[in-house]
Amino acid sequence: MEVEFQFSLKKNLTCNLFGFDETVAAAYTQHSWWQLYADSAPFRETNYMPEVFVVFPTSAEVNERFGLKATRWGYLHQSNGQEGYRSRSWNRLYLQGIFQWDNLFMTARLWYRLPETDKSDAYYLGYTVDPATGAKILYPDPNENGDDNPDILDYIGYGDIAFTYLWHRHQFGGLFRYNFGKGGTQRGAVKLDWSYPFFGSHTTFWYLQFFNGYGESLIDYNKNYTKASFGFSFSRGIAQ
């Protein structure tokens, strides 16, 4: 039982800089999981996601034939601001297609993880062995530099597909990830959501969400969760 909230900001920086009618933008998302009902009500996890991207609109012919409205090219950083063995972070470049067919919208995104240097085997095992006594030494160097989560693609995969469908004042959404067996095991995630205006409001909406799979948060990217949530949102977007 916890409270989950997210906010995002986006700022267009320039338009048509390269002569392709493109838009260069920067964005920031913060996603928190708050143990409000526990003693002292700690924040269990917060993920920070700054990014920069360029959106290129397609031609009228491509739009009419395939429904592809635009492509989005970006760089995304994600980390949880922790230290030692609770630290998680990664950087990726991505390419996203934005499609529309009447009231159905789809985004398809592929990403490439920017490589990092691995830490020692002892760090990932969580212990080392004293050569003199043979005893295990737990957490030998929690502040060792290097990759915090070298197997994250085994759980997150290489991309995602998101759908949004508008029906009257209802908005239905879905996000799907699959790792195609990377790491030797089939893993993925499904997120479904629904929103509806709060008593006719244009700025507040009922919000219902279901999640199953891996990668809901960075701290638990390698754990499988099933969650149902109910609350409010203060805006509605089409593209994930």
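Here goes a summary of the coordinates provided. Just so you know, these numbers come straight off a predicted model, no measurement behind them.

Analysis parameters
Residues numbered from 1 in each chain as written. Predicted model: local features only at pLDDT ≥ 70, side-chain atom pairs only at ≥ 80, totals over all residues. Heavy atoms only, no water. Core = buried A, V, L, I, M, F, W, Y, C linked by side-chain atoms within 4.5 Å. Buried < 20%, exposed > 50% of the residue type's maximum accessible area, 1.4 Å probe, protein only. Helix = DSSP H or I, 4+ residues; strand = E, 2+ residues; numbered from the N terminus. Contact = heavy atoms within 4.5 Å. Phe/Tyr/Trp six-rings, centres within 6.5 Å; stacked < 30°, edge-to-face > 60°. Lys NZ or Arg CZ within 6 Å of the ring centre and 35° of its normal. Pairing = 2+ DSSP bridges. Axes fitted to C-alpha atoms, helices over the stretch in contact; angles between N-to-C directions.

**Quick notes on the nonpolar core**
Now for step 1: Phe53, Trp90, Tyr94, Trp111, Ile152, Leu153 and Ile156 are the most contacted members of the largest nonpolar core, which has 15 residues in total.
Now for step 2: Looking at this core, the elements that each hand over two or more residues are strand 2 (23-34), strand 3 (43-57), strand 5 (89-101) and helix 3 (152-156).
Now for step 3: In terms of residue count, helix 3 provides more of this core than any other element does, four residues in total.
Now for step 4: Non-local contacts of tryptophan 90, meaning those with residues more than four positions away in its chain, are made with Leu76, His77, Gln78, Trp111, Arg113, Glu116, Asn149, Ile152, Leu153, Ile156 and Leu218.

**A word on the packing of aromatic side chains**
Now for step 1: Under the defined criterion, the tally for this structure stands at 19 aromatic pairs.
Now for step 2: An angle of 10° between the planes, with centres 4.4 Å apart, marks the rings of tyrosine 85 and tyrosine 123 as stacked. With tyrosine 85 in the loop between strand 4 (68-79) and strand 5 and tyrosine 123 in helix 2 (residues 121-125), this pair connects stretches of sequence that are 38 residues apart.
Now for step 3: Summarising the aromatic geometry, the rings of phenylalanine 198 and phenylalanine 199 are spaced 4.8 Å apart at their centres and angled 75° between planes, so their arrangement reads as edge-to-face.
Now for step 4: Given a relative accessible area of 26%, phenylalanine 198 falls into the partly exposed group.
Now for step 5: In this structure phenylalanine 199 comes out as exposed when scored by relative accessible area, which is 70%.
Now for step 6: One aromatic cluster in this structure is built from Phe198, Phe199, Trp206, Phe230 and Phe232.
Now for step 7: The ring of tyrosine 214 carries arginine 187 above its face, with NZ or CZ at 5.8 Å from the centroid.

**Things to note about the sheet that holds strand 13 (residues 225-233)**
For sheets, the rule is that strands pair by backbone hydrogen bonds, running either parallel or antiparallel.
Now for step 1: Strand order in the open sheet formed by eleven strands is 1-2-3-4-5-6-9-10-11-12-13, with antiparallel pairing between adjacent strands. The strands lining the two open edges of the sheet, one partner per strand, are strand 1 (3-15) and strand 13. Here the strands of the sheet are splayed against their neighbours by 15° on average, with no regard to which way each runs.
Now for step 2: Both strand 3 and strand 4 contribute to a ladder of eight bridges, which runs antiparallel. Bridge assignment links tyrosine 48 to a residue of strand 4, and that residue is serine 79.

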